[in-house]
Amino acid sequence: SVWSYRSGLFLRADGKASAEGQCLSIDTGRPFCDGTICPKSFAHTFHDGMPLVSRTCQNGDRSQFFSVRAVSSGGTNVQENLVPYVWSSSAHVGNGLLGVRVHSEEGDSTVLRLVIDNIRLGTGKMRKPTGYFRLLTHAPGTQLHVAMRQHLYNASLHGTVADSSTGQVLLSFSIFVCADLSLPVVFIRADEEQQQHQQQNALHQLPQLEWVSTGSSEFAWVNETFANSVLVYAAVGDDCDGPGCVGDPHIVVRRAAGVGQDALWSRHAEWWAEYWPQSFVSVPVTRVEGFYYTQMYRFPSSDRVLLHGLMGAFGPTENFNLWPDYVWDMNEQVMYWIAPASNRPELSRPMQRFIEQGDGVAAGGLWMVHDYVKQARFEGRDDLLQDEAWRRIVDLVVDEAGMREEQPGKLTSINGTYHYGVNTCNSPEYVCFPPFEHLACDTKMDCNFGLAQLRWGLSTALSLTDRFDLSANLTACGVDIEWWRDLISQKLVWYPHDESGFRLDANCEFRCPHRHFSHLLQIYDLETVDYYDETPSGKPLLKSLIHDSLDTWYRITCNRSNWFNEECRGFTQCGLASMNAVSGRADAAAGNLTSLIDSVITPNGMYGELVYFTHPNMFAPVAESAYCGAASLHTMLLHTSPQTGVLRIFGGLPQSWRDVSFHQLRVDGGALLSAARREGRTRFVRFSHSEGASLRFIVVEDGAWQHELVGEPAGALNRVGDGIWEVNLRRGCHVLVYPKSHRPSDLTISPVARNVTEQHWFGYRWEMGPMH
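The shown structure was predicted, so the numbers you read here are calculated from the model rather than taken from an experiment.

Draft legend 1. Main features of a negative patch on the surface. A cluster of acidic side chains, namely Glu218, Asp239, Asp241 and Asp248, defines a negative patch on the protein surface. The residue Glu218 is located in the loop between strand 14 (208–213) and strand 15 (219–225) in this model. Using a relative accessible area of 36% as the deciding quantity, one classes Glu218 as partly exposed.

The following block contains the structure:
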């Protein structure tokens with residue numbers, strides 16, 4: 001049981017340092033430690049007895065640091081730019097249903113607000129948080145320093161309030177939201193320090209917590225008072241029943257208090273201890289690695305219970321919200337890019353349940369179903385592809401392309417070619433704002449946004465039909481299969497494009513700054529074109545067309561002279577990073593990802609828009625852009641071409657990222673991969689598959705890559721093309737592949753060397769300035 005925090009050590013309630021606490025003191029400046037002290041290891045023995053060990057130090061300290069310096073009694077802030085009193089700089093803990101964020105109170109930095117919200121409560125721009133506790137740190141005449149550490153590993157927040165002049169700790173507090181959803185309760189402990197009343201008896205009083213309601217009345221809390229501490233169990237009720245619901249908050253808090261703090265913490269810590277070892281990533285740009293783990297922490301803390309708008313359990317703010325609802329033209333879709341490769345099923349379950357229940361399928365369209373299909377493919381779940389995805393894709397394609405040529409849905413035949421959405425198609429949210437209004441153009445026909453989805457839907461419906469022998473089922477739905485085959489092979493118009501790249505549609509080229517990449521879905525993430533192929537009719541190489549399209553989009557949208565303040569957004573740079581990664585421009589992909597982190601990610605590792613519009617609190621939280629940034633790193637590490645089926649390992653990494661390692665990331669087809677790259681060369685790759693499969697891959701930094709198989713059956717690894725290898729995986733077995741010229745003696749997956757200047761990149765270490 002851990003309840004307070006001192007100098008990097010957790011202390012038990014009896015004041016003794018726990019064994020876990022000793023481990024938690026290491027490398028506090030980095031999301032994941034060096035892996036040599038107190039590691040939680042994974043050991044796999046191969047047929048020749050050679051082990052593969054993953055030392056990820058899963059018991060290491062994963063903290064983000066938040067610091068507040070203030071003067072009490074109406075004084076002014078010593079360093080006003082270090083006072084986190086807005087959403088973008090708040091510390092946060094949650095369980096995916098309930099969220100708590102902590103920041104100081106505007107105008108009085110001696111008061112901390114513990115803002116609490118239930119993700120199920122409220123929609124629309126008027127959605128407000130349920131309320132907040134005011135933790136009073138008031139000490140008359142004392143200059144205070146509030147230090148908070150948000151621990152990623154066990155999703156807890158620990159803080160101290162000290163006298164800035166003496167360093168004397170006056171008050172400490174600990175907060176976590178129980179990850180066991182059968183007891184969805186917020187736990188708060190506040191302790192008055194013994195030395196405070198020993199040396200300053202006039203200040204001796206129990207820590208004060210005051211509840212202020214701002215929203216739902218479905219709130220309950222109970223507290224237990226001791227000689228110098230207060231324990232609080234709090235819950236926000238909702239109207240649903242079953243797993244992932246709070247129900248009656250009064251019942252929940254009474255149950256939690258009956259269970260007690262020790263057992264409650266054990267349930268919580270156990271969930272997170274099982275979550276983190278599922279996969280591991282380490283890259284040499286420390287702020288990128290820190291950003292990655294911040295998102296891997298934030299998603300289950302905020303969004304693992306249900307798909308509900310774009311804020312999760314850490315929104316909304318108290319006075320300004322734009323996106324608590326669903327936004328289906330891009331935002332919901334890119335939010336779940338983070339899930340497939342992560343090998344963390346908790347991240348995808350809300351989306352999968354949403355699709356399987358039929359909610360939002362029509363609104364989200366084929367692009368949203370693509371998220372579902374991609375997740376199922378990465379998990380190796382053929383049952384989901386056959387039983388759930390196939391019929392939804394068929395229904396949506398029927399709506400777009402009809403069942404037969406005589407009834408072609410939204411298609412129109414012009415000179416034997418079928419065109420999409422004549423007079424009805426659009427490129428979502430594309431508007432030429434001033435001073436670009438003279439460049440405005442009305443989309444009329446063959447919008448690439450719709451064409452890309454239709455082409456993906458047609459090809460996927462047909463491939464699943466063939467794979468699972470569903471031709472009779474498709475015919476029973478009234479579909480002429482040959483009509484669909486003719487469409488995808490020759491009769492459906494190709495993507496409108498010109499010398500600048502892909503257009504919006506047949507009528508409009510891309511000319512105005514626009515944050516969305518609706519006209520480029522065929523590049524990513526639907527990937528219905530591949531840069532190894534050529535365009536129809538002997539047109540220029542598609543690789544050039546793709547790069548021209550990306551350069552045009554970037555040049556117009558991310559031009560720093562563009563005053564319009566919302567165009568080169570977070571998801572813009574996610575899209576750029578992923579598209580550059582899959583089209584052979586690794587340096588550009590890395591630049592896009594670091595630009596995302598450096599320009600629009602908030603000090604606490606989140607994302608929002610309209611920062612400092614007229615006031616720092618006028619800030620609209622929105623989740624997707626931080627999540628899709630972490631997903632772009634997955635794409636840089638591993639990517640399978642839908643056209644060729646070949647996996648590229650480390651294909652999107654720049655040469656400057658010479659040391660990289662990852663463990664148990666998933667790829668298309670359901671295989672799990674672990675790999676280490678040192679000094680720019682891949683030292684080894686480990687493959688496994690729960691059911692068995694064949695997988696083709698390229699290790700891109702060396703076309704003459706040679707391999708040797710460790711394990712049975714003999715001949716499971718074969719060269720099948722120029723630089724392309726095929727590995728045959730047996731059910732439950734592991735295959736290790738490494739350069740034939742050098743059998744590695746060290747098969748350790750461990751963090752790569754860190755850049756010490758990028759430690760504590762997130763937390764509240766820098767001021768959030770205007771984004772534009």
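Draft legend 2. Main features of the state of the cysteines. Evaluated as defined, the whole model comprises five disulfides. Disulfide partner of Cys425: Cys447, at an S-S distance of 2.1 Å. Between Cys425 and Cys447 the sulfur-sulfur dihedral comes to about 65°; the bridge is accordingly right-handed. Pair noted here: Cys425 is in the loop between strand 19 (417–420) and helix 10 (448–467) and Cys447 is in the loop between strand 19 and helix 10, with a separation of 22 residues, a long-range link. Of the two residues, Cys425 and Cys447, both sit in the buried class. Cys558 shares a disulfide with Cys568; S-S distance 2.1 Å.

Draft legend 3. Quick look at helix 5 (residues 286–302). For helix 5, built from 17 residues, the straight-helix expectation of 24 Å at 1.5 Å per residue is met to within 8% by its first-to-last C-alpha distance of 24 Å. With 17 of 17 residues buried, helix 5 is to be regarded as a mostly interior element.

Draft legend 4. Fine view of the sheet that holds strand 24 (residues 638–640). Strand order in the open sheet made by the five strands is 24-25-29-32-31, with mixed pairing throughout. At either end of the open sheet lies a strand with only one pairing partner, and these are strand 24 and strand 31 (717–721). On average, each strand axis in the sheet is inclined to that of its neighbour by 30°, with strand direction left out of account. Pairing of strand 25 (residues 646–649) with strand 29 (residues 693–699), which is carried by four bridges, proceeds in the parallel orientation. Across the sheet, Leu647 pairs through a bridge with Phe697, a residue of strand 29. The sheet contacts of helix 16 (residues 624–637) involve strand 24 and strand 25, and relative to strand 24 the element is tilted by about 75°.

Draft legend 5. Spotlight on the packing of helix 9 (residues 382–401) against helix 10. At a minimum axis distance of 9 Å, the contact between helix 9 and helix 10 shows a crossing angle of 135°. Taken together, the axis directions place helix 9 and helix 10 in an arrangement best described as oblique. Judged by the twist between their axes, the crossing of helix 9 over helix 10 is left-handed. Residues Asp382, Leu385, Trp390, Ile393, Val394, Val397, Glu400 and Ala401 of helix 9 touch helix 10, and the partners they reach there are Leu454, Trp456, Gly457, Leu458, Thr460, Ala461, Leu464, Thr465 and Arg467.

Draft legend 6. Main features of helix 3 (residues 249–259). Along helix 3, the residues classified as buried are Pro249, Val252, Val253 and Ala256. Projected down its long axis, helix 3 shows its buried positions confined to an angular sector of 90°, all on one face. Set apart from the buried face of helix 3 by more than 90 degrees, the exposed residues are Arg254 and Gly258. Looking at the buried residues of helix 3, the elements they touch are strand 15 and strand 16 (229–236). With a side-chain oxygen positioned 2.9 Å from the backbone nitrogen of His250, the residue opening helix 3 is Asp248. Of the residues one or two after helix 3, Gly260 is the one with positive phi, at around 95°.

Calculation notes
- Residues numbered from 1 in each chain as written.
- Predicted model: local features only at pLDDT ≥ 70, side-chain atom pairs only at ≥ 80, totals over all residues.
- Heavy atoms only, no water.
- Patch = residues over 30% accessible without salt bridge, like charges linked within 9 Å, V, L, I, M, F, W, Y side chains within 5 Å.
- Areas by Shrake-Rupley, 256 points an atom, 1.4 Å probe, with all protein chains shown as cover.
- Salt bridge = Lys/Arg side-chain N within 4 Å of Asp/Glu carboxyl O.
- Lys, Arg positive; Asp, Glu negative; His and termini not counted.
- Charge placed at Lys NZ, Arg CZ, Asp CG, Glu CD.
- Helix = DSSP H or I, 4+ residues; strand = E, 2+ residues; numbered from the N terminus.
- Buried < 20%, exposed > 50% of the residue type's maximum accessible area, 1.4 Å probe, protein only.
- Disulfide = S-S within 2.5 Å.
- Expected span 1.5 Å × (residues − 1).
- Pairing = 2+ DSSP bridges.
- Axes fitted to C-alpha atoms, helices over the stretch in contact; angles between N-to-C directions.
- Contact = heavy atoms within 4.5 Å.
- Parallel < 35°, antiparallel > 145°, perpendicular 65-115°, else oblique.
- Left-handed = near helix turned anticlockwise from the far one by under 90°.
- Arc of directions from axis to C-beta.
- Polar contact = N/O pair within 3.5 Å; in protein donor to acceptor, adjacent residues only side chain to side chain.

Any functional reading would require information beyond the geometric quantities listed.
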